[in-house]
Amino acid sequence: MLQVRLLGPVAAYSADEPIPLGGSKPRALFAALVLERGRVVPANRLVDVVWPENPPERARALIQTYISTLRKSFARHGHPEVIGTESPGYLARLDGATVDADLLADLVDRAREQVARGDLAGASGLLHRAVGLSHGPALSGLGNSPLEAEARRLDELLLTALAERFEIELGMGRLDHLAELTGLVTRHPTNERLRGQLMVTLYRLGRQTDALACYREGRSALVDELGVEPGRRLRDLHSAILRGGGDLLETSQPAREPRPPAVVPAQVPLGPSDFTGREAVRTTLADALRTATPGTHVLAGQGGSGKSALAAWVTRQVAESFPDGQLYAEMRGMTETPATPDEVLAGFLRSLGVNPTHLPDSTRERTELYRSLVADRRLLVLFDDAADEQQVRPLLPAGPRCAALITSRDRLAGLAGAALTEVEVLTDDEAWTLLTRIVGAARADGDAESARRILAACENLPLAIRIAGARLATRRHLPLRVLAERLTDERQRLDELAAGDLAVRSSISLSYRALDPSARTALRHLGFFGLPKFDAWVLSFLLATSVSLAERMLEVLVDAHLVEFTGVDQTGVLRYRLHDLVRLYARERADAEERPEVLRDAISRAVGGWRTMIDRITTTFPPAEVVWRRPPGPGLPIAEEFAQRVLADASGWLQREEPVLVIGVERAAAVGLHELACDFVSARMALQLEGANRFELWSRIVTAALEAAERAGNLDGEARMLAELAQLRYAEDRYDESRRYFGEALSRFRVLGDVPGQTAALAGLGLACREPGYLAEALHFLNQAVPLLRDLDDAVGIGYVHRVRGSVLLEQGDFAMALANFEVSLRAYRRTGSRRGVAYTLRSLGLYHRARGDYEQALRACAESAEIFHELGNELMHSYAVRAHATTELRMGRADAALPRLEWALSVAREAGDRWGQGVALRVLGQLYLATGQLGLAEASLDASLSLWDRVQAPLWRARTRYDLSLVYRARGDIDRADTAFTDAYQVFHHYNSREYVELRRH
């Protein structure tokens, strides 16, 4: 019998004998086929699964090779029919086979039935079997795979089975699950259901103090990681424990359904009241959504086919089956500004009760928080007008009882496990019914021939029928024959009737013509600028007018239903939104009615106003020791009221406005404002507020400005933008690219004779060489920068380059020269009053003293550095200094004092998405566990660190971690592995001539 495992490493067995599947790529291919078993998976989707990024040219041929190899492997074990070929791809035929994921879902369902019949012992046994199916994280061993969403779903189902088993056992009075439950809560600290079960278990075992401590730890995790307080049930348990008893702590029957959340969103739009047709699709889709595990469903079809109306209607019909709510997102997939995952996740999290001030920064962290919040809920999410799989994949709920309904013009074949429904045009009967409901049966029957000619011209497309019907309904005396004749003339049809954005041109035009000239100008400028959301300050810049007048114009546009008021942001500023169709129409009118230079001037004022505001933030909150960017220019006048509101929450304002700023700068670059775009980018990149490092958005504005400078032949702009792009790639740990862009920038700066620019590129090259371990090359570039900075008498630059050079010399073991450079750096920073620079150098001095064995001086330097970073509000660098302090304590034998500091530093790095900081913290934790004899934890921490060094391509740090692992292996008595790891590390140390090579060679 064939057995397939998805709950752990992807595997297949025949009569308990493993069937070889090959490496990660054929395993990913096989997993994709199994997840869609019985359905054809197109070959192009399999290519996306196996190579999520940069597929090779021969990808289709390689897919065929993998399929052939898998078939041979299965045939050798008596299963030649497992993988079939059917256009346009392949399918898995698993009739009679056992798939552990199916068995897991079946066992959970059967256990719930046993609970309903009162057979708790039988339910417990079934859930024990279900949990025992797991062999590790679901779908593991596939590398970076698009199947991650399906893996999360399976892991969440397993976690649900565990929670239901514990609940049943508590209902039976059993407490023998304490160790297992404690481990789970440690791995899932924000899972309130598991934590509540652990609190009850501890209390019943007479450990009231431990139960209360468990609550406190859970509350801290929820507040710190999610920004929310514990739910009602957890708080009630806490109160009952404090009182010394209560119904919640007594043996009781397990609850069959989780308590619905306090926040129950209901966001799905109404949809048309005269919805027509689609009977079979409606019934099938509604039935699928009402099942216990509704999954993901895609409604795909051409524009105007009625996907959105169908989705809204079905969602409302099944709303009662989703008591925890319905979320809704306009994805704007077919527009120039599609919704980003960050934008949608922010809205979802706020709707689910997360405090806006606690929203995570990165898409990954927002996704994890969102999936954690909905994991145990029965929730329906509707995504309207999705562009592609990448846009919605991070937004799919992972809970086994959640559903996602997606409308799109694309079939989204890359969404593993999604059920596709093709939304076709209406049948002739359905089209007739829709038209008669709009215009009236008597009127349509009175001229049935013309009515059918109208439907034929509309090609039974619902949107086109609605437009034609609306025109007839609002013109009661217009004969059907007249409209039919107009639509029959192909030269007029798109003017008379059209699907998509042109279909509403006439109605928007009516509203537009009713406006006064100043409001028309406002709408044209907003449409040409292209922002999806904005405030009155932006319009005031565009029109060169006062904010109060801009607000009055916006109110006129709101009354005309051409602009939507969306609320008040955190700074107290009114926010507005321009519907995409209105924006497109306004853009048309701008192109037709405005002179190009007027429109360019408007964009110049708006982007210039933003630039001035960013300069104000930079002046108020000085950035890091960046020495090569030009000082801010005079800028545009900014109303002091607006400036003070922004400065009161500069980081929050920047994060909220960043997507809008990016669109504005891209627009400026597109209309030829290359100097302005470059100046804005330099100003923005110099401003590195905590939590504001949104790399994707930064990359967009740098790329747009660079391309604009290249088009204009602006060599200075090219050089500056290449340097900014290099700095961005350095921040992303993409050091090869960083060095390449810094090198290109350096060449251009030399042609221009721009000495400050040359120092920027040389310092950047030194830094980008240092991180992966190219120490000699780093010194080569830094040594060139030093005399240039001295000639410029740039004290901050001198402090910066000497600090970096000192760190390279320290890596090489040249302690005397390292100390000399650090002392020069410290004097330079203190002379300029750069407290941040002083903090950086003090931390480097702490590393120097630690390497020399002078631990007390190291502790003092690191502590002073940490204090300054804390006062400056730079939590990430504060964590770096704390980690350096803790590492020194570890060297002094104070592991107990070092451990909480290291764990905190690791958590800060994770929250910031800082892979480098995580890698170092995990390595030091591994050293701590090794020193305390906890070899399993040591190996796990060092392995995790190793994977991060691989991702950021840091071979020297990887070698250091391999050396630490050799000590772990040797402590275990695994001499062969220890020798191999040591040899690998030693060879890298030798290659880079690092300090470790010098020290090991001496011994």
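Shown above is the structure to which this text applies.
First, a word on scope: everything that follows refers to the structure included in this document. (Residues numbered from 1 in each chain as written. Predicted model: local features only at pLDDT ≥ 70, side-chain atom pairs only at ≥ 80, totals over all residues. Heavy atoms only, no water.)

A closer look at the pattern of salt bridges
Phase 1 of the analysis: The full count for this structure, using the stated rule, is 50 salt bridges.
Phase 2 of the analysis: A salt bridge links E36 to R39, with the nearest nitrogen and oxygen atoms 2.7 Å apart.
Phase 3 of the analysis: For E36, a relative accessible area of 3% corresponds to the buried category.
Phase 4 of the analysis: R39 sits in the partly exposed class, given a relative accessible area of 40%. (Salt bridge = Lys/Arg side-chain N within 4 Å of Asp/Glu carboxyl O. Buried < 20%, exposed > 50% of the residue type's maximum accessible area, 1.4 Å probe, protein only.)

Focus on the packing of aromatic side chains
Phase 1 of the analysis: For the coordinates displayed, the defined rule picks out 17 aromatic pairs.
Phase 2 of the analysis: Geometrically, the ring pair formed by F529 and W610 is stacked, given 5.7 Å between the ring centres and 25° between the ring planes. Remark: W610 occurs in helix α27 (residues 596–620) and F529 occurs in helix α23 (residues 517–529); sequence separation between them is 81 residues. Considered together, F529 and W610 belong to a single accessibility category, that of buried residues.
Phase 3 of the analysis: Between F982 and Y986 the ring centres are 6.0 Å apart and the planes differ by 20°, which places this aromatic pair in the stacked class. Residue F982 and its partner Y986 are located together in helix α45 (residues 975–992), separated by four residues, close to a single helical turn.
Phase 4 of the analysis: Of the aromatic side chains, those joined through ring pairs into one cluster are Y730, Y735, W916, W949 and W957.
Phase 5 of the analysis: Over the ring of Y880 we find R883; its NZ or CZ atom is 4.4 Å from the centre of that ring. (Phe/Tyr/Trp six-rings, centres within 6.5 Å; stacked < 30°, edge-to-face > 60°. Helix = DSSP H or I, 4+ residues; strand = E, 2+ residues; numbered from the N terminus. Lys NZ or Arg CZ within 6 Å of the ring centre and 35° of its normal.)

Digging into the packing of helix α24 (residues 536–543) against α27
Phase 1 of the analysis: At a minimum axis separation of 7 Å, α24 and α27 run at an interaxial angle of 135°. Taken together, the axes of α24 and α27 are oblique relative to one another. Considering the relative orientation of α24 and α27, their crossing is right-handed. Residues V538, F541, L542 and L543 of α24 pack against A602, I603, R605, A606, G609 and W610 of α27. (Axes fitted to C-alpha atoms, helices over the stretch in contact; angles between N-to-C directions. Parallel < 35°, antiparallel > 145°, perpendicular 65-115°, else oblique. Left-handed = near helix turned anticlockwise from the far one by under 90°. Contact = heavy atoms within 4.5 Å.)

Looking at the environment of L126
Phase 1 of the analysis: Of note, L126 is situated in helix α5 (residues 120–131).
Phase 2 of the analysis: Among the residues examined, L126 registers a relative accessible area of 8% and is labelled buried.
Phase 3 of the analysis: When neighbours within four sequence positions are excluded, L126 is seen to be in contact with L107, R110, A111 and Q114.

Digging into helix α8 (residues 192–204)
Phase 1 of the analysis: The end-to-end C-alpha distance of α8 is 18 Å, a good match for the 18 Å that 13 residues give at a rise of 1.5 Å each.
Phase 2 of the analysis: Buried residues dominate α8, accounting for ten of its 13 residues.
Phase 3 of the analysis: Within the sequence span of α8, burial applies to L194, R195, G196, Q197, L198, M199, V200, T201, L202 and Y203.
Phase 4 of the analysis: The secondary structure elements touched by the buried residues of α8 are α6 (148–171), α7 (178–187), α9 (208–226) and α10 (232–243).
Phase 5 of the analysis: Where α8 begins, the side chain of N191 points an oxygen toward the backbone nitrogen of R193, at a separation of 3.2 Å.
Phase 6 of the analysis: Two residues or fewer after α8 comes G206, characterised by a positive phi angle close to 85°. (Expected span 1.5 Å × (residues − 1). Polar contact = N/O pair within 3.5 Å; in protein donor to acceptor, adjacent residues only side chain to side chain.)

Focus on the pairing of strand β9 (residues 326–330)
Phase 1 of the analysis: Judged by how many residues are buried, β9 sits mostly within the fold: four of five residues are covered.
Phase 2 of the analysis: With five bridges joining them, β9 and strand β10 (residues 380–386) adopt parallel strand pairing. Within β10, the residue paired with A329 across the bridge is F383. (Pairing = 2+ DSSP bridges.)

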